Amino acid sequence: EVTLCSEDWYSTGGECPWNQGRVARGDAVFGKWPVRFAEAGAYEFEVRRWPREADASLAGVPTGARVVDAQLDDQPVSGLLYHFTAGLRALPVARVQLKAGSSVQEAAVKSGDKCINFTARMDAGPGDVEAILLDQSGKALCSAFYVSVRKSAQATR
């Protein structure tokens, strides 16, 4: 499994969200990942706004109630590492669109969904991956900041 994060985007609109402050604010920025698939076959794509460990919904914000295992200046960190709690912004995410190689798919987001999963058949070699968070009217809010990709055990129809 490979997790793609927005810090590795090739920007297609706006600046690259190079730190978690940009992710926390839900800036209207867009990008895609140029990837190379080692083998042709079915791949599973898990699309998220927040990193998996934040355990937050696509349309919500992390609670910050998790225990942090980090230290700064030899002092334990007791809250969110970068203190972006005040800057966390929910987005009205209603749909997710995934463009993976020549495949374009879209799915509705239900209340509380933390991710949307897609399966796409990919050819071996290069293939861009782009995931876009959309509102109810279909307006693009921003690109998804995290996508995990893994080879599927199932064949794609």
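Residues numbered from 1 in each chain as written. Predicted model: local features only at pLDDT ≥ 70, side-chain atom pairs only at ≥ 80, totals over all residues. Heavy atoms only, no water.

Student: Help me understand the layout of surface pockets, please; the structure alone is not making it clear to me.
Tutor: Think of a ball as big as a water molecule: rolled over the atoms, this probe shows where empty space is left. There is about 200 Å³ of room inside the second largest pocket. Around the second largest pocket, the lining residues are Glu1, Val2, Leu4, Val35, Arg36, Phe37, Ala38, Tyr43, Val129, Val149, Arg150 and Lys151. Looking at the lining of the second largest pocket, its residues break down into 8 nonpolar, no polar and 4 charged. (1 Å grid on protein atoms, 1.4 Å probe; cavity = no way out; pocket = protein on both sides within 12 Å on 5 of 7 lines; lining within 4 Å. Points joined across faces, edges and corners; volume = space filled by probe spheres on them. Nonpolar A, V, L, I, M, F, W, Y, C, P; charged D, E, K, R; others polar.)

Student: Mind showing me how you'd approach the sheet that holds strand β1 (residues 2-5) here?
Tutor: With antiparallel pairing, the 4 strands of this open sheet are ordered in space as β1-β12-β4-β9. Every interior strand has two partners, whereas the edge strands, β1 and β9 (116-122), have only one. Averaged over all neighbouring strand pairs, the angle between strand axes comes to 25°, with direction disregarded. With 7 bridges joining them, strand β4 (residues 41-48) and β9 adopt antiparallel strand pairing. The residue bridging tyrosine 43 from the neighbouring strand is alanine 120, located in β9. (Pairing = 2+ DSSP bridges. Helix = DSSP H or I, 4+ residues; strand = E, 2+ residues; numbered from the N terminus. Axes fitted to C-alpha atoms, helices over the stretch in contact; angles between N-to-C directions.)

Student: Looking at this structure, how should I read the pattern of salt bridges?
Tutor: Oppositely charged side chains may form a pair once their charged atoms are brought near each other. Tallied over the full model, the rule gives 11 salt bridges. For aspartate 27, the salt bridge goes to arginine 25, with nearest N and O atoms at 3.1 Å. Accessibility expressed as a relative area gives 16% for aspartate 27, which makes it buried. Note that glutamate 39 is salt-bridged to lysine 151, the shortest N-O span being 2.9 Å. Taken together, the residues glutamate 39 in the loop between β3 (30-37) and β4 and lysine 151 in strand β12 (residues 146-151) connect sequence positions 112 residues apart. (Salt bridge = Lys/Arg side-chain N within 4 Å of Asp/Glu carboxyl O. Buried < 20%, exposed > 50% of the residue type's maximum accessible area, 1.4 Å probe, protein only.)

Student: When you look at the pairing of strand β10 (residues 125-134) in this model, what are you seeing that I'm missing?
Tutor: Residues in a regular strand point their side chains to alternate faces of the sheet. The element β10 is largely enclosed, with a buried count of 8 among its 10 residues. The pairing of strand β7 (residues 95-100) with β10 spans 6 bridges and is classified as antiparallel. Directly across from lysine 99, in β10, lies its bridge partner glutamate 130. By the bridge criterion, 3 bridges tie β10 to strand β11 (residues 140-143) in an arrangement that is antiparallel. Residue pairing for β11: isoleucine 132 is matched across the bridge by serine 143.

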